[in-house]
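Structural characterization, general
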Amino acid sequence: MSKKIFTPTKEFEELLPQDYKDLVNNGPYNAPKTIDDLGSFKEITEPHPHCAGCGVSLGIRLGLASLPSPEDTIIIGTPGCSYFALSQSALNYSCTAFGNQNSVASGLKRMLSIRYPQKNKDVVVMVGDGGVADIGLDYTLHSWFRGEKITTVMLDNEVYGNTGGQESGMSPKGKVLNMAPAGKKFNKIPVFEMAKTAGCRYAVKVTVASPKKLGAAIRRAVLIAREVGPTYVQVYTPCPTNLKFSPNQTIANAKDAEKNFYVYEEYMTEEAGACLSKIGELKEKV
Amino acid sequence: MIQEKYRVLPGPEGFITPSAAMMGVVLPDSGYSLVEGDIVPEAQAVELIANKLINAKNAVICPGPLLMWQWAESAAAKAAAVKELAETCGAKILPMPDYRQKRINPAAEISPNHPNVTIMNNNFDVCVFAGMHSHHANMALRLIRGGTSCYTIALCDYAACEEAMVSLRDVDAGKIKTITRKVNDMKRNSGYLPSRG
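The structure presented is a predicted model; accordingly, all values stated were derived computationally and were not measured.

Along the backbone of chain B there are six helices and seven strands. Reported as C-alpha extents along the three principal axes, the dimensions of chain B are approximately 55 × 45 × 30 Å. The buried share of chain B, reckoned over its 197 residues, is 44%.

Contacts between the two partners involve 18 residues from chain A and, on the opposite side, 21 residues from chain B. When its residues are assigned to classes, the side of chain A that touches chain B shows nine nonpolar, five polar and four charged.

For a regular strand, the rule is simple: side chains alternate between the two faces of the sheet. All names here are of chain B. Where strand β1 (residues 32-35) meets strand β2 (residues 38-41), four bridges bridge the pair, whose relative direction is antiparallel. Within β2, the position partnered with Y32 by the bridge is P41. Between β1 and β2, which pair antiparallel and follow one another directly, the connecting turn spans two residues, one of which, E36, has a positive phi of 55 degrees.

Residue and element names in this part refer to chain B. The sheet built from seven strands is open, its strands ordered β2-β1-β7-β6-β5-β3-β4 with mixed pairing. The two strands at the open ends of the sheet, each matched to only one other strand, are β2 and β4 (92-93). Against the sheet, helix α1 (residues 42-55) touches β1, β2, β3 (59-63), β5 (126-130), β6 (151-155) and β7 (166-168), its axis set at about 45 degrees to β1.

The next thing to look at is the packing of helix α4 (residues 101-115) of chain A against helix α6 (residues 137-145) of chain A. Viewed as axis vectors pointing N to C, α4(A) and α6(A) meet at an angle of 35 degrees, and their least axial separation amounts to 7 Å. Counting all contacts with α4(A), which are made through A:N102, A:S103, A:A105 and A:S106, the residues of α6(A) involved are A:Y139, A:T140 and A:S143.

Here the focus is the pairing of strand β4 (residues 151-156) of chain A. All names here are of chain A. Burial analysis of β4 places six of its six residues in the buried class, the great majority of the element. Side chains of β4 alternate between two faces, with T151, V153 and L155 and T152, M154 and D156 buried alike. Sheet analysis places strand β3 (residues 122-128) next to β4, joined by five bridges and oriented parallel. Considered in β4, the bridge of G128 is made with L155. Both β4 and strand β6 (residues 231-236) contribute to a ladder of six bridges, which runs parallel. Bridge pairing links L155 to V235 in β6.

Here we take up the nonpolar core. Core analysis: the largest hydrophobic core is formed by 126 residues, its most contacted members being B:I61, B:C127, B:F129, B:A154 and B:L155. A total of nine residues in this core trace back to one element, the largest contributor, which is helix α8 (residues 211-227) of chain A.

Low pLDDT means the predicted coordinates in that region are not meant to be read closely. Overall, the prediction assigns chain B a mean pLDDT of 94, with 96% of residues at 70 or greater. Here the predicted complex scores 0.90 on pTM and 0.90 on ipTM.

For the rest of this paragraph, the subject is helix α4 (residues 115-122) of chain B. Residues and elements named next belong to chain B. Restricting attention to buried positions, one finds in α4 the residues P115, N116, T118 and I119. On an axial view of α4, the arc spanned by its buried residues comes to 160 degrees, and they lie on one face. On the buried face of α4, the contacting elements are β5 and α5 (134-147). Backbone geometry just after α4 places N123 at a positive phi near 55 degrees.

Before going further, it helps to spend a moment on the environment of A:E266. Among the secondary structure elements, A:E266 is positioned in strand β7 (residues 265-268). When the C-alpha atoms of A:E266 and A:D37 are compared, they prove to be 24 Å apart, with 229 residues separating the residues in sequence.

Residues and elements named next belong to chain A. Taken in spatial order, the seven strands make up an open sheet running β2-β1-β3-β4-β6-β5-β7, and their pairing is mixed. A strand with exactly one partner marks an edge of an open sheet, and here the two such strands are β2 (92-95) and β7. Strand-to-strand twist across the sheet, computed as the mean angle between neighbouring axes with direction ignored, equals 15 degrees. Strand direction decides the pairing type here: strand β1 (residues 73-77) and β3, joined by four bridges, are parallel. Note on β3: the bridge partner recorded for I74 is V123. Against the sheet, helix α7 (residues 191-198) makes contact with β4, β5 (202-207), β6 and β7, and its axis sits at roughly 165 degrees relative to β5, the strand it touches most. On the sheet, α8 packs against β3, β4, β5 and β6 and is oriented at approximately 160 degrees with respect to β5.

This next bit is on unusual backbone geometry. Cis peptide bonds are those with omega within 30 degrees of zero, and the linkage from B:G11 to B:P12 qualifies with 0 degrees. As for its placement among the helices and strands, B:P12 is situated in the segment before β1. One non-glycine residue, A:E158, adopts positive backbone phi at about 60 degrees. Position of A:E158 among the secondary structure elements: in the loop between β4 and α7. By the C-beta count within 10 Å, which is 27 here, A:E158 ends up buried. Positive phi is not limited to glycine here, since B:A160 has a value of about 80 degrees. Within the element layout of this structure, B:A160 appears in the loop between β6 and β7.

Residues and elements named next belong to chain A. As a packed pair, helix α2 (residues 55-65) and α8 sit with axes 8 Å apart at the nearest point and diverge in direction by 55 degrees. One way to sum up the angle between α2 and α8 is to call them oblique. Classified by chirality, the crossing of α8 by α2 is right-handed. Residues L62, G63 and A65 of α2 lie in contact with α8, whose contacting residues are P211, L214, G215 and I218.

Quick notes on the rules
All residue numbers refer to positions counted from 1 along the written sequence of the respective chain. Chain letters and ligand numbers both follow the written order, the letters beginning at A and the numbers at 1. The predicted origin of the model limits local features to residues at a pLDDT of at least 70 and limits the giving and counting of side-chain atom pairs to 80 or more, whereas totals for whole chains, interfaces and linings rest on all residues. Comment: elements are numbered from the N terminus, with helices defined as DSSP H or I runs of at least four residues and strands as E runs of at least two. The exposure label follows from counting other C-beta atoms within 10 Å of a residue's C-beta, where the C-beta atoms are placed from the backbone and the thresholds are 20 or more for buried and 12 or fewer for exposed, leaving partly exposed in between. Residues are defined as contacting one another if the C-beta atoms placed from their backbone atoms lie within 7 Å. All residues other than Ala, Val, Leu, Ile, Met, Phe, Trp, Tyr, Cys, Pro, Asp, Glu, Lys and Arg, Gly among them, are scored as polar; the first ten of these are nonpolar and the last four charged. At least two bridges found by DSSP between two strands are what make those strands a pair. Here, axes are lines fitted to C-alpha atoms. For helices the fit covers the stretch in contact, and angles between N-to-C directions go from 0 to 180 degrees. To form a nonpolar core, buried Ala, Val, Leu, Ile, Met, Phe, Trp, Tyr and Cys residues must be joined through C-beta atoms within 7 Å. A residue's pLDDT is the predictor's confidence in that residue, given on a scale from 0 to 100. Taken from the helix axis, the directions to the C-beta atoms give the arc we talk about. Geometric relationships in this document are graded by angle, where less than 35 degrees denotes roughly parallel, more than 145 denotes roughly antiparallel, 65 to 115 denotes roughly perpendicular, and other angles denote oblique. Crossing handedness is defined as follows: a turn of the near helix away from the far one that is anticlockwise and smaller than a right angle gives a left-handed crossing, while the clockwise case is right-handed.

Right under this line is the structure:
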């Protein structure tokens, strides 16, 4: 893709709505930004219809602000809460049939590598826990087994949020939800551990309460996926609507999770570590 | 049972608007155009477009991403031609810079996902789509046909668009300039402009 795609034609430049002018003049395309720059540039994300205090929307905002080269990134999604903000974001986005995201991402990555052999085209799967751990688990695992050079980001709100609160594989055992009144009967699926076993070269478990860690994880995951192989970032994004807490308690809830049951963890293979050292990414302490 | 030929006419066609292709409307070959579902010689369609634009009470031209962004050399020439056409026929320009389903200001841009609402909000009676990808133009034009009485015109780079009431195919800057010349000729003939020479 050429950067010309973000250059307006002279004839219609004045007619561009203001948010596009902001993206062109002060967006993250030509001068990559990080989450440290949030508030000082026009973000890729737009006002979205997520519930107040939504952890998923925060995860998406932080995740998109951390992409190393958004103009050369395509996000692959699947139905669920994440769709609402991602479909409005100003970067390439494709929503797949539920659960198919890693298969579609694999195909796209291979196609882009053939079409643009000299250029890095990042394919990032960004979906909810239902997409990764339940309906798309087989496709996700197989993409990792095959060593596809894609990044998978799970926005884990531990529930099927937009369909009324059914339990997902990632809901903790015993969790009572709107549509699981007797409580969940089995443990949270250990997708993070499965990622390591299945061949992910880099995997991180993080919450939205730690934006710097989250930002570094996404950035590293994308950079490693370019060179080495599949990467996985599991982000805890609590849902005030279904987990029944006040919308202004999202960060507090995530902080609590980070201390107790969602402790930060970073795993990388030697090859992935060498890749990060080579490009100078390991110097950054998070 | 003899089925009546389906006509692609101004709506409102209804909540579930049938796709023109499913109703038997086929795309024209090179040198021909579509007018309300019929294949006609291109010159006839150009004349009708000029007529509709000049007689419109409130016309709008909606340049899509292929005209809004400088992605190819041809984009600038075509954008200039579209702008000249809008100025000649006094049409408003409402851009559609991309197809995101985001919040829009209907006075500044046409909604990609609810174009019918933007059309109704502004009371447009003639609407021209140019520089839009076919997959999106098809859906947007059908929405407009379904929910409004606006007369739709598609200036297509490729094989024309059956969802518009009038559609030209293989449109480049030259073909848009032909429409502009036709508009000027009609203005002259009707006394709006001084005659040539």
